[in-house]
Every structure is written in C-alpha cells, then in structure tokens.
2 protein chains.
Amino acid sequence: MTTHPVPDGETSGPPTSSAAGTGTRLDRWLGSYAERTHGMRSSEIRALFAVANRPEVVSLAGGMPFLEGLPLDVLGDLAQRVVASRGLQALQYGSGQGDQTLREQILDVMALEGIDAHPDDVVVTTGSQQALDLVTRIFINPGDVVVAEAPSYVGALGVFRAYQADVVHVPIDADGLIPAALESTLAALARDGRRVKFLYTVPNFHNPAGVSLSVERRPQVLEIARRYGVLVLEDNPYGLLGFSTEPVPALRSLDDEGVLYLGSFSKTFAPGYRVGWVVAPHAVREKLVLASESAILCPSNASQIAISTYLSTCDWRGQIKSYREQYRERRDAMIAALTEHLPEASWNVPDGGFYTWVRLPDGLDAKDMLPRAVTARVAYVPGTAFYFDGSGADHMRLSFCYPTPDRIREGVRRLAGVVAGERELVELFGTTGSGGHADVQQPGPDVT
Amino acid sequence: MTTHPVPDGETSGPPTSSAAGTGTRLDRWLGSYAERTHGMRSSEIRALFAVANRPEVVSLAGGMPFLEGLPLDVLGDLAQRVVASRGLQALQYGSGQGDQTLREQILDVMALEGIDAHPDDVVVTTGSQQALDLVTRIFINPGDVVVAEAPSYVGALGVFRAYQADVVHVPIDADGLIPAALESTLAALARDGRRVKFLYTVPNFHNPAGVSLSVERRPQVLEIARRYGVLVLEDNPYGLLGFSTEPVPALRSLDDEGVLYLGSFSKTFAPGYRVGWVVAPHAVREKLVLASESAILCPSNASQIAISTYLSTCDWRGQIKSYREQYRERRDAMIAALTEHLPEASWNVPDGGFYTWVRLPDGLDAKDMLPRAVTARVAYVPGTAFYFDGSGADHMRLSFCYPTPDRIREGVRRLAGVVAGERELVELFGTTGSGGHADVQQPGPDVT
C-alpha cells in the first residue's frame, strides 16, 4: 500500500531535497512501522517534478488555481478586521465540527446545486482532502472495496491506499460514470463476496477526465447504489466552475441519506486557508466529528472566520463568475493548441474545471515519456497516477488552470515536439525503449 | 475502542446540540463502519460540558489559553500585510512538509530548550494534535502498545484508541516519570511478548499532573527507552511556560535519533491558526510527510505565513514572558483558593503550564460528583479522562489558564461547597450513592 495523495496543489516555493529523499539512509525505526506504512514511499517521479517546478518549465501538471484575479487589497483589509475586531475568537480554539456561522453560509453555496441541508449536517474540514481522510477512516477496514471511476482523482486513491482499501474502477464515457457498468461491477463484487463500502465519484468536471455525469444518469447511479447498499461519496470541488452551463443538481440534492457530499473553497475562492467541508446524514456526521477531533482537535478559527467574512462582505458569486471566464479562456487556449500541434492525439473538451484528459498516439507511454518532456521544459501528470493498478499509461492529464494562455500554447508546442520524437522511436524500433513500469507510483503533492 | 480526543481547547461559542447527539436515530450505515469506528461515541459527560460552557459556570475544565493580552491591533495589521503583499503565496497550496521559512524559525524557538536540528527535520502540522495523529498512524498496528505516564493527556489517549493501540501507564511522582517504574514496565511487557512502539511523555508541566521530568532523570529515561528499542514521543506544548525557572533541555536535545519531538504555537502564541510541528529523524520524517499529504495535502499557507511574520516582526519572546507572568498569577490564585477552601484535598503546585492535579478526600468520586458541580456552576475534568482504563476517579484536573483570578477563587469556593456536600453523604451513607462507572468516557473537545 502506498499513500501518495498527489493533491492538485503544487508548491509555489522551490522544491526541497527533503520530500524527494530516497530513504536509503539507515532507518533505526524500520522495524517499528505499522503495516499501513510499509507502502509509503516517495514517488520515483517526484524528483522529476522537483525539476518541473523550475520557472523555465511550463507546468501543465499542477492543479493550483490562478489567484491573480483576487482582490488582494480587499482581502487584506478583511484579514485585518478578522484579527483586530474578532481576534479573541479567531485566534482561539473552536468547535470540532466547525464555526456555526460558516456552516450556515455553506448552505447558501450548496443551494446553487440544489442541496437542501441543515447546518448541523455540515462538518468543516482542513480542505476537502481531510474530509476524504475522515470518511475513509470511519468506513474502511483493510481489504474493503471502494468503487471509483476509471480514472480517479489521485489524491483520493492515495487515501484509499493509506487505509488499505482495494479500489475497483468503473468505466466512464463522455456522460460520466456508465450506470450499466456500475451495476455489473457491483453485481460481480457481490457474487465474489466482496464488501463494497462506498462509490467515490467526482460528478462534475471530473479530475482528471474532464467529463460530467449527465443529469439523466444521476438518479440511475443513485438507484443502483441504493439497491446494492453502497454509500455514495460525491466529491465536488469544481461543480460551480462550468464554462457554458449553470450548475446541475448535486447527487446529494437527490438523496440525503445515501450520499456524503464533499465541498471546498479551494477552487471557488482560494486553497491557502484549507477550508473544505463534508455533508453527511446525522449518525455519520457524528462519527466524522469525533474522528476529526481525534485528528486535529478543531479546524482553524482564523481560516474559518476569514472565509465567513469573505462570504458575507464580498461578491463571492461574482468571483466565481470571474473564475469561470478565466478558466474558459485557458481551456480554449489549450484545445486550440492541441488541435494545432498534437492532432495525432485525442482529447475531450471539458466544459468546466481544470483538466483535459489526453490520449497519446498508439505505442506511446506517458510515464516513460515524462523525463524527456521535463527535459524539453514541459510537465504533465501521466495517466498511471489515476488508476489504482497503475494502468493508464496511454493517457496524460493536462491542466489549464494555472499557466497563462501564452504559456499553455508554448507548453503544448513543446509537448508536441516530445511526442514527435517518441513517435519516431516507435516507428524505428517498435517501442520507445524505456521499459515497463516496475510499480505503481504517483507524484507527490509538489507536482499535481 | 473510543476516540474522544478531548483536546485542551474549549468552544468559545454556545454549544450546539449536534456534538452531544445520542446517536439513537436510525443509522442506515450502521453496518458499514470500520472496526476502529465502533467505539466512537459521544461522551456521556459531553452534554454536561455543553451546560458547563454557559457564562454563569466557572470552567476550570478547559485548556484554552488566555488571549486578552495579545496585541490584536498589531496582529491585525500583520494579517493585512500577509494577504495584501504576499497573498499569491498565502492563499495558494503549499508544501506538504510546511513553509521553509517557518521551519527555520521553529529552530529558533526550539533552541531555547537546547534542540539543534535542521529545517528538513521539521514537519509543520495542523496543531500538534495532527502530529500525534500522524505519528500514531505510521507506527501503530491494532494491539500494539504505547507506554505513557499515569495520568496522560486525554487527547493523546483518544488518538491511541482511534488506532486501536493498547496503552500501558507508568507511574509518575513529583519529578515526573519514574525511571525504575518505566524499566520494570518495559521488562514486563517484553516478557509478555508485547510490541511496544513508543513511550508517550509530556516532560514539562505535565497535562494533567502539572509535574516536570527532572533534569537528572532525562538521560535515564532515554537510556532505558534505547535499551528496549522504544521510540520516545516527546510532547512539549508548555515547556517555555515555566513560572520560576528557565527552560530545561528537551529530551530531543539529548538524543536526535531516538526522540520524536512535538511542538506547538497554541500555548506560546495562539491556537486559532492551528500550527504545530514535529521533529523527526530523516526516515521517519519522510513517512510523516507522506502521511500528512494523504491526510490534508498541506498545512495552511495563510496560517503559516501569519505565524512566520509574527515571529519575524513581533517580540515573541516578550509575549511568552508575559504569558508566564499571567499564568503564574492565576496559578497563585488557584493554590491560595485551594488552601483556603479545600484543605481536605491535596494537590501539587505546578511551576508552569496550565493545570493543577487535585486528589479528592477519601471516598469521593470526581466523575460522579461532576453533575452536582455543574449544578453548582463550576466545572472541571474528572481524573478518569486521563487513564486508558478509566481509573483516576479520585482525582480531578483544575485548569487555571483561562478564568481571571477572581473567577478562579469563586470557582474553587463553589467546588468546596460541592465537596463538603459529598463528604456529608459519605459520612452518612459510606458512599455518595451515584454508582460505579459503566465505562470509560471522556469529555469532547468542547470541554477541556
């Protein structure tokens, strides 16, 4: 088991040698680790991504939001008021479940996707990554099955691995998770006597695949999950970031007892406060609060009150609109550059979110190719990161969220040069000659 | 197994019904929880502490620092600058290990206790509670043993329980952990073939016992741990808060391969940013970073940069000095009030930190007495919270950190009235008639 969360964050600072260490130094405590820890090791491509963080490299790998449009002066004044006038609360310990006012405001955000909940149903977490960790912690015994889209968010796969779950992927198409495939997968698992604890899904502007679950399929997926007694874990960081359509009803809006919903301010506002949340049925929510208190005591009051003040005094809906326009422009730049420079590949045209999922020409291997891409000063995440079994080498995830449109075009141009070189090798030798994949490794959070 | 972290924080807001829920409502997912989750339930005394948070109750239960001496105007201006001039970094994702500059500054803080480390050895965490969680996560298999002082910090016991560890307590005296008792405990566990993963200790101004490990005993404890191959987990939130003495050398300063050191800004500055840290040998630190990335991706940049700016622009040593004076005055008020009103009890006189550990007169039970104390408008934490097996009912922890000296005196006066009533019952009936303890329960984080 490995636990490479591979978040969609990326360090802004220079990489340190620390996280890329190889662990070859003598470890006096080697015999003391828990079983779950044995698979934890630094990714082989993590060192590569340390290089990829250099300014001369165009990173199409990271999932960092582009923050330069935020009104930093206004937010600075807001931060001043939070501490100067509410400091005795903001700087103190708070409730394990999270600030009551913020939990009420989160209902307003979720109402945009049709969710009707009570503040008591909400648990504030240290980013929605912590919500993933807590949900997995309370439900997963070693060997339990999590069903998830093929491909799936690498940071979620890392958490499932850390709790020694087994992930079984279900195919998707342009309309998201395929209900018939979900049904046959659950039926097969039931026949095999496997214990499926939940279905993990990113229904909107999927990471990494860019697709959304169609409105028609949503009740079908819920009905199948209900029939098999499988909880649905709906992870929705991008739902409000559609480019051409208004938000569609969340799965949670259709089933409040069968769905755990994860939300986040990281993409609709800013990730630096680390504020996300989970909405859960009453009894599950109680367990999540107890688990969170054990993990961190309580989320940061300073962060929560900053976000709460932002929501009550700033035009947060206008900011989301601005993000949608900004990311649409970048998406357009990405798709135009792919069309011009990489016609031999195929990709989807995402209608929201941060990512394009690109299929390489036959015979190319995105993981093997990565060192040559980084040498050519462009980075991406190989598809292997998004499959529990390390398949997916024929795909790569390209992020358009952070670089400027000009940089995106330049990055894809460089990538096209690398792909052309790979194809020449394949034509000459039938292979790129890099060998297979010894094991499944994902990049660390410095990288995606 | 239960997981009541029972932090030393306390909600400042009114209690909500949520955390005190009884779980009697039908839970559709009852059959789906992990084994580790089955013992998670709300504490029976948690509802009591919801009452104890009312303003008319003097709470001697919580571990909230008293923040009214902080220069909130200055800190507000600092927060403004962090966002307005460094917002693109402060509001963005950061490194999983934590901000490089802050890790360097943490070395300056630890130097006060003789620790010589490298910034690469430091992992920044969401409060030191998260460090406890991460260390336990990477080392503990279900059934492994953690050796800890009798009594021990209730939030640590909750984490150990959450990972299904077994805690074996070792007696302490006025000089802290007793080396001979540690040795005989480890010898007995070795004879029984038990796997001891680490010794958990709060060597300075112990929570709840108020004592410190003497300078003479420190190398002895380390030598014994080394001989038995047991890692030492040194939890040190209070080390800089001595009332009459300068800080003594940390265990980590005497052994950099055998000790994991946990530090925190929650008591020396403020808990609301949720910034703590762990210092670990190279290989262990790598595992901790991977585990933390899985748990939360990265700690909050906004919080880290706020703390870093505080350290570089404010007189943080002066603030610690001010805290020491403030808490000494409260300690004096507590001890004077105990001497005047509760001479039939016994207690230690702590030379730092937040807590006095009080032994009740014979026949009294601190847990049974708590509802009557809350009715008399005073709250404390019963000793049972600080023992893995629920013993300790003859003790209670009184916190002097948060209430004003006048409120402390009033609280102890009320408590004396309750104790007098209990003693009358014991004299009349030989018991207070409340019955035994059905199980081990600790208060939730709203309360201590």
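Residues numbered from 1 in each chain as written. Chains lettered and ligands numbered in written order. Predicted model: local features only at pLDDT ≥ 70, side-chain atom pairs only at ≥ 80, totals over all residues. Heavy atoms only, no water.

The name given to chain A in an unreviewed UniProt entry is GntR family transcriptional regulator, with the source organism recorded as Cellulomonas xylanilytica. Check the Subunit (unreviewed entry) section of the UniProt entry for chain A; it says "Homodimer." (UniProt positions renumbered as here; feature names shortened; annotations may be inferred.)

**Observations concerning the UniProt feature "domain: Aminotransferase class I/classII large" (unreviewed entry) in chain A**
Per the UniProt record, "domain: Aminotransferase class I/classII large" (unreviewed entry) is annotated on residues 71–415 of chain A. Along residues 71–415 of chain A the backbone is 45% helical and 17% strand, and the end-to-end C-alpha distance reaches 34 Å. (Helix = DSSP H or I, 4+ residues; strand = E, 2+ residues; numbered from the N terminus.)

**With respect to the relation of the copies chain B and chain A**
The two copies are related by a screw motion: chain B maps onto chain A through a turn of 180 degrees and a shift of 0.0 Å along the axis, at an RMSD of 0.0 Å. The symmetry that links the two subunits is that of a two-fold axis. In terms of C-alpha distance to the rotation axis, chain B has Gln 80 of chain B as its closest residue, with the C-alpha 2.4 Å off the axis. Of all interface residues in chain B, 100% are interface residues in chain A too; the two copies therefore contact each other through one and the same surface. (Least-squares fit on C-alpha atoms with pLDDT ≥ 70 in both. Contact = heavy atoms within 4.5 Å.)

**Observations concerning the domain arrangement of chain A**
All names here are of chain A. According to the domain assignment, chain A contains domain 1 (44–70 + 318–428) and domain 2 (72–313). The gap between the C-alpha centroids of domain 1 and domain 2 is 26 Å. If you look at the interface, domain 1 gives 26 residues, while domain 2 gives 34 residues. For the pair domain 1 and domain 2, the interface holds one salt bridge. A salt bridge links Arg 324 to Glu 246, with the shortest nitrogen-to-oxygen separation between them at 3.5 Å. (Domains from an automatic or database assignment. Salt bridge = Lys/Arg side-chain N within 4 Å of Asp/Glu carboxyl O.)

**Some details on the pairing of strand β9 (residues 275–279) of chain A**
Residue and element names in this part refer to chain A. Within β9, five of the five residues are buried, which leaves it mostly tucked inside the rest of the structure. On β9, burial covers both faces: Val 275, Trp 277 and Val 279 on one face and Gly 276 and Val 278 on the other are all buried. Sheet topology places strand β2 (residues 122–126) next to β9; five bridges connect them, and they run antiparallel. Across the sheet, residue Thr 126 finds its bridge partner in β9, namely Val 275. When strand β8 (residues 259–264) meets β9, the two strands line up antiparallel, connected through four bridges. Looking at the pairing, Tyr 261 lines up with Val 279 of β9. (Buried < 20%, exposed > 50% of the residue type's maximum accessible area, 1.4 Å probe, protein only. Pairing = 2+ DSSP bridges.)

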